[in-house]
Amino acid sequence: MIDRLTPRAIAVLIVLVALATIGGALVSEHVFGLVPCKLCLLQRQPYYWGIPLAILVALAPQGLLRPGLLVLSLVFLVSAGLGAYHSGVEWGWFLGPSDCGGGSGAAPGAVGDFLQSLNNVRVVSCTEAAWRFLGLSLAGWNALVSLALAGLAVLGAARAQGSSSVSQYR
C-alpha cells in the first residue's frame, strides 16, 4: 500500500500518525493519569512542530514537497533521538537531567495552601517508565514511531524528486 502513496499523501499520513501519537500521549496523561516527566514533555515538542509543518507540506506546491519532507525527516529524527535518549535513561544506560521531575501545579495563595498542596504533588522521575508494552516504555515506542515517520518523510522526498524529474521529460 505504501508503494502507491504520492509524496503529498505521505505528508498526510505523517500528519495522521503524528496526531495519533501525540493524542495518545495526551490521553495517557489526562485520562489515565500518567504524569509526564521533563523528558516526556520534551519529546512532545517535535510533534508540536512537525504536525503543522506536515500540514503545510501536504498543501505546498509541487516544488516545495521535497524540501518540506526532508525537513520533516529531520524533525522526526530529532524526536527519535529524544525518545531513544529517554528510553536509555529509563534503562540506566544514560544519566538523565539532574532536575528531572514532574511539573508543578498552580502557585498556592497562602502558606496553608502551600502545605496542603505538598500532599498532592507527585514527583515523576525520568528514570522510571510509567508504563511498558511489549517491553518498551512510551519513550521507546516514541523512538520507533518517530523513526518510522522520518523514514516515511525520506521516502516521500525521494518520490517527490523522482516525480519532478519524470515531469521534466514529458
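Fair warning: this is a prediction, and the values are worked out from it, not measured in the lab. (Residues numbered from 1 in each chain as written. Predicted model: local features only at pLDDT ≥ 70, side-chain atom pairs only at ≥ 80, totals over all residues. Heavy atoms only, no water.)

Moving on: the nonpolar core. The biggest cluster of nonpolar side chains holds 23 residues, and the ones touching the most others in it are Ile14, Tyr47, Leu69, Leu72, Phe76 and Leu149. Of all the elements in the fold, those that place two or more residues in this core are helix H1 (7–30), helix H2 (38–59), helix H3 (62–91) and helix H5 (138–168). Not counting residues up to four positions away in its chain, the partners in contact with leucine 149 are Ile14, Val17, Ala18, Tyr47 and Phe76. (Core = buried A, V, L, I, M, F, W, Y, C linked by side-chain atoms within 4.5 Å. Buried < 20%, exposed > 50% of the residue type's maximum accessible area, 1.4 Å probe, protein only. Helix = DSSP H or I, 4+ residues; strand = E, 2+ residues; numbered from the N terminus. Contact = heavy atoms within 4.5 Å.)

Bringing the confidence of the model for the protein chain into the picture now. Parts of the model with low pLDDT should not have their predicted coordinates read in detail. With 71% of its residues at a pLDDT of 70 or more, the protein chain shows a mean pLDDT of 78. Across residues 102–106, confidence stays below pLDDT 50; counting only partners more than four residues off in sequence or on other chains, it has four contacts. Note on residues 164–170: pLDDT under 50 across the span, and zero contacts to partners over four residues away in sequence or across chains. (pLDDT = per-residue confidence, 0-100.)

A few words on the pattern of salt bridges. This model, assessed by the stated rule, comprises one salt bridge. In this structure, arginine 44 engages glutamate 29 in a salt bridge whose closest nitrogen and oxygen atoms are separated by 2.8 Å. You can see arginine 44 sitting in helix H2 and its partner glutamate 29 sitting in helix H1, a full 15 residues away along the chain. On the accessibility criterion, glutamate 29 (22% relative accessible area) is partly exposed. (Salt bridge = Lys/Arg side-chain N within 4 Å of Asp/Glu carboxyl O.)

The subject of this paragraph is H2. Between its first and last C-alpha atoms H2 spans 33 Å; for 22 residues at 1.5 Å apiece the expected length is 32 Å, and the two agree. Within the span of H2, buried status applies to Leu39, Gln43, Arg44, Pro46, Tyr47, Gly50, Ile51, Ala54, Val57 and Ala58. (Expected span 1.5 Å × (residues − 1).)

On to the packing of aromatic side chains. Here the structure, examined in full by the defined rule, presents one aromatic pair. Seen in terms of ring centroids, tyrosine 47 and phenylalanine 76 are 5.5 Å apart; in terms of plane orientation they differ by 70°. Their pairing is edge-to-face. Residue tyrosine 47 is found in helix H2, and its partner phenylalanine 76 is found in helix H3; the two are separated by 29 residues along the sequence. Both residues of the pair, tyrosine 47 and phenylalanine 76, count as buried. (Phe/Tyr/Trp six-rings, centres within 6.5 Å; stacked < 30°, edge-to-face > 60°.)

Attention now moves to the packing of H2 against H3. The interhelical angle for the contact between H2 and H3, taken along N-to-C directions, is 165°, at an axis separation of 9 Å. In terms of orientation, H2 and H3 fall into the roughly antiparallel class. Of the two elements, H2 crosses H3, and the hand of that crossing is left-handed. (Axes fitted to C-alpha atoms, helices over the stretch in contact; angles between N-to-C directions. Parallel < 35°, antiparallel > 145°, perpendicular 65-115°, else oblique. Left-handed = near helix turned anticlockwise from the far one by under 90°.)

Summed over the entire model, instances satisfying the criterion amount to zero disulfides. The thiol of cysteine 40 is unpaired, and the distance to the nearest cysteine sulfur, on cysteine 37, comes to 3.4 Å. (Disulfide = S-S within 2.5 Å.)

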